[in-house]
Amino acid sequence: MTRSASLSALILVLMALIGGCATSVPVPVSVSATPTLSAVLRPRLSGGEVEAIDVRYVIQDGVVPAGEAFSLVAPVVYDTVEGIADRMIDLKVEDADGPVVLTVFDDPVAPGGSPYYRHWRADRGVRFPVRVSYSALVQPAGARGGPPLGIRPSAGGVSGAGSSFLLLPDNAGVGRNRIHWELGGFDARSLAASSFGDGDFELAGAPDALLKGWYMAGPAGRYPATGDAEGFSATWLGRPPWDVEDTMAWSGRVYADLARFFQTEAPRYRVFVRVLETPPFGGGTAMTNSFLFSRGPLRPDEMVEVPKRTLVHEMIHGFVGGIEGPRWEQGWFAEGLTSHYTSQLQLRGGYITLEAYLREINQAAEEYYTNPARNWSAERIASVGFDDARVRRLPYVRGQLYFAALDARIRTHSDGRRDLDTVMREVFARRDAGERFDNTAWREIVEREAGPGSAARFDAVVLQGTETLIPPPGMLGPCLTAESAIYENAGAPIEGYRWIVSAQVGGGCGGPRLAGQ
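Residues numbered from 1 in each chain as written. Predicted model: local features only at pLDDT ≥ 70, side-chain atom pairs only at ≥ 80, totals over all residues. Heavy atoms only, no water.

## Here we look at helix α7 (residues 389–413)
Basically, it comes down to this: Each helix is a run of H or I in the DSSP string that is no shorter than four residues. Each strand is a run of E no shorter than two, and both are numbered from the N terminus. Here a helix's expected span is defined as the number of its residues, less one, multiplied by 1.5 Å. Two axes enter the bend calculation: one fitted to the seven residues ending at the residue in question, the other to the seven starting there, and the bend is the angle between them. In protein, a polar contact means a hydrogen-donor-capable atom and an acceptor-capable atom, both N or O and within 3.5 Å, with residues adjacent in sequence counting only if both atoms are side-chain atoms; elsewhere, any N or O pair within 3.5 Å suffices.
Here α7 spans 37 Å end to end across 25 residues, near enough to the 36 Å set by a 1.5 Å rise per residue. By the largest-angle criterion, Pro-395 marks the main kink of α7, which is about 30°. Put simply, Asp-388 is the residue that caps the front of α7, since its side-chain oxygen is 3.0 Å from the backbone nitrogen of Arg-390. Of the residues trailing α7, Asp-415 is marked for its positive phi of about 55°.

Right, here's the structure in full:
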């Protein structure tokens, strides 16, 4: 047999192994040495509603480390979504020698709805290619509330996070992932999209990157109809109680403004919206360069409110990014800085009035000063997980007020030559260039930019919580002034601060000047 004939035969065999016939799985098959996972996702309908996503994939050229057994892994619980691994049924694993018997075991249960995992470990060595197939049932109605990660049927389609339906290899050395959708159960107008692309896509890296994205398939709407608007697009299932086309067009314009403010090339960004008929309805959660907003039908007593602040907040996440370190050390930055800029940039861009901005600031202040965890450490706050919504919210508002105070201190220390915007743009540039950015690096930055003692203040206010934030002069600029306030929490008076409009407000307190700031 010639070399070309051998190669053609190999490709036909692999395609048959994935799905039974070559024409049903138009997925390119790896013939390189890079271990590749080639998967097919097929939503399965019953009575017009999606009941499961059938998944099958082949791992080609995999390499299991010496001394280890081939293993698969999936969450049992992932950020309050329970029973994920339990809903993965009809699992079959085969390799070049036939069926592979698996031993199943779970990690210790994590508190607060935090993730922990189930493992399927091969009882013998495997020879690649390895084929995996299973069905992931949708999350049932009435499950525990929390982030809207679970795969849920909606408006004839299905959507959810990769973490809620993907069972993946964790030690096969995979460095490339190819995903193909089969949409035969839907009508011809249906589409599929994910955080990683429209329709089929390829993603470099380990398979666990697939967990950190949104997936949507079915008779969905889209803005724009094809392609993107300056790097922005949106896909939705169902009709929310507000004009979704108009809101997504507005969001696209805001996204372009944000890119100009942050002075960077905007990452390709996707918004997903779903309307569910049964709880849990969820809310909004960000993933890789994307965001999903989930809600239920309009309640009889509900005022229609377009979630514009939520959309701005989540889009800003894509520019702010994160900081390296343990999970408990990250929320103050990712959520705090994003919350700070959500309020600031809405005002600067003319998207909200000064009065609306003042309401947002004072709401954050009251939430911070009255929070029962106000003087807890970041590590203790993280240990609560999803069990207490007020405690979980503290990194958002504590971080927001910290960054507003830091901006004032940077301006004072530099005699007005520098501010938080200037510093953060430089930080983002260095991080994007590959420099390590963690809390140690942050301490060095603030000590230099805001003066001696700034690193110790960061530790005390943000990480350890041993000090309560006191507004420095000029915090929140010339338009607002801080004053002492007495709040009430469970009938007890709580000392704190609130902001009022300054007695003499000049220009520059809002308006269309986002790009120039």
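Past the structure itself, the notes keep going.
## Thoughts on the sheet that holds strand β1 (residues 36–46)
For the record, the criterion: A strand pair is defined by DSSP finding two or more bridges across the two strands.
The sheet built from seven strands is open, its strands ordered β6-β5-β9-β2-β1-β13-β16 with mixed pairing. The two strands at the open ends of the sheet, each matched to only one other strand, are β6 (98–99) and β16 (201–204). Across two bridges, strand β5 (residues 88–95) lies against β6 in antiparallel orientation. The residue bridging Asp-95 from the neighbouring strand is Gly-98, located in β6.

## Quick look at the pattern of salt bridges
Applicable threshold: The term salt bridge refers to a pairing of a side-chain nitrogen on Lys or Arg with a carboxyl oxygen on Asp or Glu at a separation within 4 Å.
For the structure on display, the rule yields 37 salt bridges. Across the pair Asp-95 and Arg-124 runs a salt bridge, and its minimum N-O distance is 2.9 Å. Linking Asp-95 in strand β5 with Arg-124 in the loop between β8 (116–122) and β9 (130–137), this pair joins segments that are 29 residues apart in sequence. A salt bridge links Asp-187 to Arg-189; the nearest nitrogen and oxygen atoms lie 3.4 Å apart.

## Comments concerning the packing of helix α2 (residues 244–262) against helix α4 (residues 331–348)
Where we set the bar: A fitted line through C-alpha atoms represents every axis, and for helices the fit uses only the stretch in contact; the resulting angles, taken between N-to-C directions, go from 0 to 180 degrees. Angles below 35 degrees are treated as roughly parallel, those above 145 as roughly antiparallel, those between 65 and 115 as roughly perpendicular, and all remaining angles as oblique. Whether two residues are in contact is decided by their heavy atoms, any of which lying within 4.5 Å being enough. Side-chain classes are defined by residue name, with Ala, Val, Leu, Ile, Met, Phe, Trp, Tyr, Cys and Pro counting as nonpolar, Asp, Glu, Lys and Arg as charged, and the others, Gly among them, as polar.
Following both chains from N to C, one finds α2 and α4 inclined at 105°, their axes separated by 12 Å at the closest point. Regarding the angle of α2 to α4, the classification is roughly perpendicular. Here α2 contributes Leu-258, Phe-261 and Phe-262 to the contact with α4, which in turn contributes Tyr-341, Leu-345 and Arg-348. Broken down by class, the residue content of the contact of α2 with α4 amounts to five nonpolar, no polar and one charged.

## Examining the environment of Ile-361
Note that Ile-361 resides in helix α5 (residues 354–369). The residues touching Ile-361, leaving out its near neighbours within four places in the chain, are Ser-343, Gln-400, Leu-476 and Trp-499.

## Looking at the sheet that holds strand β20 (residues 269–275)
Backbone-to-backbone hydrogen bonds join strands into a sheet, with any given pair of strands oriented parallel or antiparallel. With mixed pairing, the five strands of this open sheet are ordered in space as β18-β19-β20-β22-β21. Two strands in the sheet have a free side with no partner beyond their single neighbour: β18 (221–223) and β21 (284–287). Each strand of the sheet is rotated relative to its neighbour by a mean of 15°, with strand direction disregarded. Pairing between β18 and strand β19 (residues 232–237): three bridges, direction antiparallel. Looking at β19, one finds that Gly-221 is bridged to Trp-236. The strands touched by α2 within the sheet are β18, β19 and β20, with β19 carrying the most contacts at an inclination of about 155°.

## Thoughts on the packing of aromatic side chains
We apply this condition: Geometry of aromatic contacts follows a simple scheme: Phe, Tyr and Trp rings, the Trp one being its six-membered ring, pair when their centres are within 6.5 Å, and the pair is stacked under 30 degrees between planes, edge-to-face over 60, tilted otherwise. Partly exposed residues are those whose accessible area sits between 20% and 50% of the maximum for their type, while under 20% is buried and over 50% is exposed, using a 1.4 Å probe and protein chains only.
Using the criterion set out here, one finds 31 aromatic pairs in the structure. Their ring planes at 55° and their centres at 5.6 Å tell us that Trp-332 and Trp-442 sit as a pair that is tilted. A residue pair is termed long-range when its members are at least 10 positions apart, and Trp-332 in helix α4 and Trp-442 in helix α9 (residues 439–450) qualify at 110 residues. A residue is classified by how much of its surface remains accessible, and Trp-332, at 4% relative accessible area, is buried. For Trp-442, a relative accessible area of 0% puts it in the buried group. Arranged with centres 5.9 Å apart and planes meeting at 65°, the rings of Phe-403 and Trp-442 form a pair that is edge-to-face. You can see Phe-403 sitting in helix α7 and its partner Trp-442 sitting in helix α9, a full 39 residues away along the chain. You can call Phe-403 buried: its relative accessible area is 0%. One aromatic cluster in this structure is built from Tyr-223, Phe-232, Tyr-255, Phe-261, Phe-262, Tyr-269, Phe-319, Tyr-341 and Phe-428.

## Remarks on the nonpolar core
Rule in force here: Each nonpolar core is a collection of buried residues, namely Ala, Val, Leu, Ile, Met, Phe, Trp, Tyr and Cys, held together in the definition by side-chain atoms within 4.5 Å.
If you look at the biggest cluster of nonpolar residues, it comprises 79 residues, and the most contacted ones within it are Met-248, Phe-262, Trp-332, Phe-333, Tyr-341, Tyr-402 and Trp-442. For this core, the element with the highest residue contribution is α7, accounting for 11 residues. In contact with Phe-262, other than residues within four places in its own chain, are Ile-316, Phe-319, Val-320, Tyr-341, Leu-345, Arg-425 and Phe-428. Residues Ile-53, Ala-122, Leu-203 and Leu-211 belong to the second largest nonpolar core, which totals 59 residues.

## Structural notes on the environment of Gly-98
Within the secondary structure, Gly-98 sits in strand β6. By relative accessible area, which is 16% here, Gly-98 ends up buried. Residues Gly-98 and Val-130 lie 32 residues apart in sequence; the distance between their C-alpha atoms is 9.3 Å. Excluding residues that lie within four positions of it along the chain, Gly-98 makes contacts with Val-93 and Arg-124.

## Concerning the pairing of β19
Note the cut-off: Orient the strands so they point away from the viewer; a crossover is then right-handed if the path from the first strand over the helix to the second runs clockwise.
Of all six residues in β19, six are buried; the element is thus mostly enclosed. Side chains Phe-232, Ala-234 and Trp-236 of β19 all project onto a buried face; the interleaved residues Ser-233, Thr-235 and Leu-237 project onto the opposite face, where all are buried too. Judged from the six bridges that link them, β19 and β20 form a sheet pairing that is parallel. For Leu-237, the partnering residue across the bridge sits in β20 and is Arg-274. With α2 bridging β19 and its parallel neighbour β20, the resulting β-α-β unit is left-handed.

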